[in-house]
Each structure stands twice: as structure tokens, then as C-alpha cells.
Amino acid sequence: MMTNKIVLTGDRPTGHLHLGHYVGSLRNRVKLQNEYPCFVMIADVQALSDNFDNPEKVRTNVLEVCKDYLAVGLDPEKCTIFVQSSIPELFELTVYYLNLVTVSRLERNPTVKAELQQKSFADSVPAGFLTYPVSQAADITAFKAQLVPVGEDQLPVIEVSNEIVRRFNRIYNTDVLVEAEAMVGKVGRLVGIDGKAKASKSLNNAIFMSDPSDVLKQKIYGMYTDPNHIKVSDPGKVEGNVVFAYLDAFYENKEELDDLKAQYQRGGLGDMALKSLLNDTLQNLLKPIRDKRNSITADDALEVLTEGSKQARKIATQTVEEVREAIGILKF
Ligand code: ATP
Ligand code: MG
């Protein structure tokens, strides 16, 4: 199905990409790149909003994230992979949009609220972090994206973007900006191996696509299950059991999985057997990705990003011109 809808997505270069990214949005993107014009952004400036004191981490992970992209099958011939900081036009848009959203609206955003709590900024929330949904609106609208594959945690942020679009078009009496639709993967939010929160780079509770096989195994065998399921014969709980959450996300034979769940709940199925099944499943999924990743050099990644950023900048520049004209900013 060929349509002219434009897709934009991205990730923060705060670490390697993990299985949450894979099920939440990467898996979707690899399919979408065959059907739509796709832009995939490495959001290094956004990553600085809560890592401003650790730019080294952000810088090194730009290339790592790019390698993860190429390893899972994003193809620079089909999609434009670029780096946010190389497109200053995005920050000009951000400044115009900041006027179109209230501070209280940003403070009430459920995604930002949850992240603020997690990051324990206490009383020193950087203004740049609070306003990242506005910068995300700039990223989306600069490319006139209509489809945004994101994890479920990002839905309220996309809503802010659409509110800005509607306000902008109404106030400046234009149709320059386009609203976007979030597209959430089948597994909306993958839980971390600790079972406490969503898998996340910053919480150190994720399985990374680049994890070596022994690390993968170790993480699986350390997963949170049901603390009351002590003997194999004990009845166990499926809900809140991380091993089942991952099997739900990655084990293809759903009928067999339902049988396993029933057996676990009755008693008679041990955690070790389950973990071994998950280990086989994930080792098979990740081996080709890891092998491909190991064959990609830093120079390969640099070349992809340089070319992609050049192309992306042309489009963003065009949008900024239209936006300036809609607002009525004088040209000098
Ligand atoms: P950080 O901890 O630095 O915020 P992160 O692990 O949350 O990193 P992001 O770069 O913030 O990753 O998210 C990139 C994309 O991946 C977003 O669309 C987000 O919704 C999605 N995503 C992140 N974690 C998960 C998860 N556990 N399950 C599903 N989708 C996820
Ligand atoms: Mg995040």
C-alpha cells in the first residue's frame, strides 16, 4: 500500500536500544519503511535535557543507537536516519511553539509527570525537560509527519503536539502544520526485568539488543517471577510475572503459551523450565541482530548519519520558511 503519509520516530541516545524499543516501535518501523517515507531521528538534544551534565554519554550513544537501527534492519536506502542536533531549524520551531502551550498543561502531562518522579529531580526540574514535548512537536511537524510509531508511554506527548498544531493553524489562520497519529506496537509497553516499571535505558532494567549471549541468559534467569511459587508443584501467578510478559511479547505459538500459563497456574511447571524456553526464544531472535551489529563499523554509522542529516535538514528548512511566513515574520 503506497500512500504519501510521512512517518517520523526517534530515540534518545542515552544507551543502547533494548527489547522495549524493539516491540514498542522498532519492529513497526522496519515494516513501515517499505510502505511510507520514514524519518528516524536520534534525539541527542532531547537526551541532553536530562543528561546535560553528561554529554559524553549522549555523544557516544549516537553511534550506538545508529548501529542498533541498522542491526534490526532499518535501511538507509528506505528511510532517512538523522541526528537532531544537526538540524537547528528544529529549535527555531520549538521557540515559536513554546508560546502555544501553557506551563500548567506541560506540568500535567502524565508522561512527563511519571518521568519527573522517576528521575528524582526534586525541586530542580530543568525547564528544558519540562518542555521536551514541545521540542518533540517541532520534530514531528518539521517533517509534516502523520504517523508516529511510539511506545504507549509517549501517547500523551503526541497529544500535546497535536494541540500545538491546532492552535498554530487557528491563530495564524493557516494549514501549514499537520496533525499526527501515534502508532503503538502490539505490545504497548514492555516491563523491565525487575517487574517494577517499563524497561528503560535509564532504569537499568532492560535487555539490550546488543547484550552478549551470556548476559542475556543471566538477565533471563534473574527475572522476577512469582515470589510465592517456590516448589515446582506450587500454583503460580501469571499476572505480574516477567517471564510470561516476555513470552507474551516474543513467543510466537500463542496456543502453546496459553497451555503453559494454565499449567503454571495449576502447579507443576517450574520457573527454570519457563526461563529456559524464554532463553531459547530470545537467543534465536537476538543472535542475527547481534551478529549484524558486530559487523557495522563506526564509519558505516557516521556515513549513514551524515547523509541522512543532510536530507532531513532540507525538509525542515522548507517547513521553517512556511512557518515564518504563516506567523508573518519579516525577512531580512
Ligand atoms: P530513557 O530511559 O533515556 O528515557 P527509554 O528506554 O525510555 O530511554 P526512549 O529513547 O525514551 O527510551 O524511547 C524511545 C521510544 O521507545 C519511544 O517511542 C518509547 O515509547 C519506546 N519505548 C521505550 N521503552 C519502551 C518499553 N519498555 N516498551 C515499549 N516501548 C518503549
Ligand atoms: Mg524514555
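Our structure is the block above this text.
Below or above, wherever it landed, is the structure these notes cover. (Residues numbered from 1 in each chain as written. Chains lettered and ligands numbered in written order. Predicted model: local features only at pLDDT ≥ 70, side-chain atom pairs only at ≥ 80, totals over all residues. Heavy atoms only, no water.)

### Looking at the overall build of the chain
What counts, and what does not: Starting at the N terminus, helices and strands are each numbered in turn, a helix being any DSSP run of H or I of at least four residues and a strand any DSSP run of E of at least two. For every residue, the accessible area (1.4 Å probe, protein chains only) is compared with the maximum for its type, and the residue is labelled buried under 20%, exposed over 50%, or partly exposed between those bounds. The contact criterion used is simple: two residues touch if any of their non-hydrogen atoms lie within 4.5 Å. The method behind every accessible area is Shrake-Rupley, applied with a 1.4 Å probe, and residues are considered shielded solely by the protein chains displayed. Only four residue types enter the charge count: Lys and Arg as positive, Asp and Glu as negative, with His and the chain ends excluded. To locate a charge, the coordinates of NZ of Lys, CZ of Arg, CG of Asp or CD of Glu are taken.
A count of helices and strands for the chain gives 14 helices and five strands. Across its three principal directions, the C-alpha atoms of the chain cover 75 × 45 × 45 Å. In the chain, which comprises 332 residues, the proportion classed as buried is 51%. Within the chain, contacts between residues separated by at least 24 positions form 78% of all contacts whose residues are at least 6 apart in sequence. For the chain, the accessible area works out to roughly 15,900 Å², and carbon and sulfur atoms hold 52% of it. Taken as two groups, the 39 positive and 45 negative side-chain charges of the chain have centres that lie 2 Å from each other.

### Thoughts on the nonpolar core
The line we're drawing: The criterion is simple. A nonpolar core is a set of buried Ala, Val, Leu, Ile, Met, Phe, Trp, Tyr and Cys residues joined through side-chain atoms within 4.5 Å. Start and end positions for the domains come from either an automated domain assignment or a database one.
Counting residues in each nonpolar core, the largest one holds 56 residues, and the members touching the most others are Leu19, Ile207 and Tyr246. Lining this core are residues from two domains, each supplying at least three of them: domain 1 (7-190 + 297-327) and domain 2 (213-293). Residues contacting Ile207, with those up to four places away along its chain left out, are His18, Leu19, Ile193, Leu216, Lys219, Ile220, Met223, Tyr246, Leu282 and Leu286. One finds Phe82, Leu100, Leu116 and Val157 within the second-largest nonpolar core, a separate group that totals 41 residues.

### Digging into the pattern of salt bridges
Note the cut-off: When a carboxyl oxygen of Asp or Glu lies within 4 Å of a side-chain nitrogen of Lys or Arg, that pair is called a salt bridge.
Applying the stated criterion across every chain, the model contains 18 salt bridges. A salt bridge links Asp11 to Arg29; the shortest N-O distance between them is 3.0 Å. Taken together, the residues Asp11 in strand 1 (residues 7-11) and Arg29 in helix 1 (residues 19-32) connect sequence positions 18 residues apart. Summarising the burial analysis for this pair, Asp11 and Arg29 share the class buried. The salt bridge partner of Lys144 is Glu322, with a shortest N-O separation of 2.4 Å. Taken together, the positions of Lys144 in the loop between helix 8 (132-142) and strand 4 (147-149) and Glu322 in helix 14 (residues 298-327) put the pair 178 residues apart, joining distant regions of the chain. In this structure Lys144 comes out as partly exposed when scored by relative accessible area, which is 23%. Through salt bridges with shared partners, a single network forms among Arg12, Asp50 and Lys119.

### A closer look at the site of ligand 1
As a reminder of what qualifies: Neighbouring residues are identified by heavy atoms, a residue being near a molecule or strand if any of them is within 4 Å of it. Pairing of N or O atoms within 3.5 Å defines a polar contact, subject to two protein rules: one partner must be a possible hydrogen donor and the other a possible acceptor, and residues neighboring in sequence count only if both atoms are side-chain atoms.
Surrounding ligand 1, one finds 20 residues, the nearest of these being Thr14, Asp153, Lys198, Ser200 and Ser202. In the environment of ligand 1, an oxygen atom lies 2.8 Å from a nitrogen or oxygen atom belonging to the side chain of His21. Ala199 places a polar main-chain atom, nitrogen or oxygen, 2.9 Å from a nitrogen atom of ligand 1. Within the complex, 96% of the 600 Å² of free accessible area of ligand 1 lies under protein. Contributing elements (two or more residues each) for the shell around ligand 1: strand 1 and helix 1. No other element matches the three residues that helix 1 contributes to the shell around ligand 1.

### Thoughts on the side chain of His21
Structurally, His21 can be placed in helix 1. Non-local contacts of His21, meaning those with residues more than four positions away in its chain, are made with Asp11, Leu26 and Lys201.

### What about the packing of aromatic side chains?
Under the convention used in this document: To pair, rings of Phe, Tyr and Trp, with the six-membered ring standing in for Trp, must have centres within 6.5 Å; the planes then decide the type, stacked if under 30 degrees apart, edge-to-face if over 60, and tilted in the middle.
One pass over the structure, following the stated rule, counts nine aromatic pairs. Between Tyr22 and Phe250 the ring centres are 6.4 Å apart and the planes differ by 25°, which places this aromatic pair in the stacked class. Of this pair, Tyr22 sits in helix 1 while Phe250 is found in helix 11 (residues 242-250), placing the two residues 228 residues apart along the sequence. Residue classification places Tyr22 among the buried residues on the basis of a relative accessible area of 13%. Given a relative accessible area of 8%, Phe250 falls into the buried group. Three or more aromatic residues link up through ring pairs in this structure, and these residues are Tyr22, Tyr246 and Phe250.

### Focus: the packing of helix 8 against helix 9 (residues 155-171)
Cut-off, in case you're wondering: Each axis is a line fitted through C-alpha atoms, and for a helix only the stretch in contact is used; angles between axes span 0 to 180 degrees, taken between their N-to-C directions. Oblique is the label for any angle not under 35 degrees, not over 145, and not in the 65 to 115 range, which are roughly parallel, roughly antiparallel and roughly perpendicular in turn. By definition, any crossing whose near helix is turned counterclockwise from its far helix by less than a right angle is left-handed, and any crossing with a clockwise turn is right-handed. Only Asp, Glu, Lys and Arg are considered charged in this grouping, and only Ala, Val, Leu, Ile, Met, Phe, Trp, Tyr, Cys and Pro are considered nonpolar; every other residue, Gly among them, is considered polar.
Look at helix 8 against helix 9: their axes get within 9 Å of each other, and the N-to-C directions meet at 65°. As far as their axial angle goes, helix 9 and helix 8 are roughly perpendicular. The handedness of the crossing between helix 8 and helix 9 is right-handed. Contacts between helix 8 and helix 9 involve Tyr132, Pro133, Val134, Gln136, Ala137, Ile140 and Thr141 on the former and, on the latter, Val157, Ile158, Val160, Ser161, Ile164 and Val165. Partitioning the contact of helix 8 with helix 9 into residue classes produces ten nonpolar, three polar and no charged.

### Remarks on a negative patch on the surface
This is how it is decided: Any residue with relative accessible area above 30% and no salt bridge may belong to a patch, with like charges joined within 9 Å and the nonpolar Val, Leu, Ile, Met, Phe, Trp and Tyr side chains within 5 Å.
A contiguous patch of negative charge, built from Glu255, Glu256, Asp258 and Asp259, is present on the exposed surface. The residue Asp259 is located in helix 12 (residues 254-266) in this model.

### A look at the pairing of strand 2 (residues 38-42)
For clarity, the threshold we go by: Following DSSP output, two strands are said to pair if at least two bridges run between them. Consider the strands pointing away from the viewer: the crossover is right-handed when the path from the first strand over the helix to the second runs clockwise.
By the criterion of burial, strand 2 is predominantly enclosed, with five of the five residues buried. Looking at chain direction, strand 1 and strand 2 are connected through five bridges and run parallel. Each bridged residue has a counterpart across the sheet, and for Asp11 the counterpart in strand 2 is Ile42. After leaving strand 1, the chain enters helix 1 and then returns to the sheet as strand 2, a path that is right-handed.

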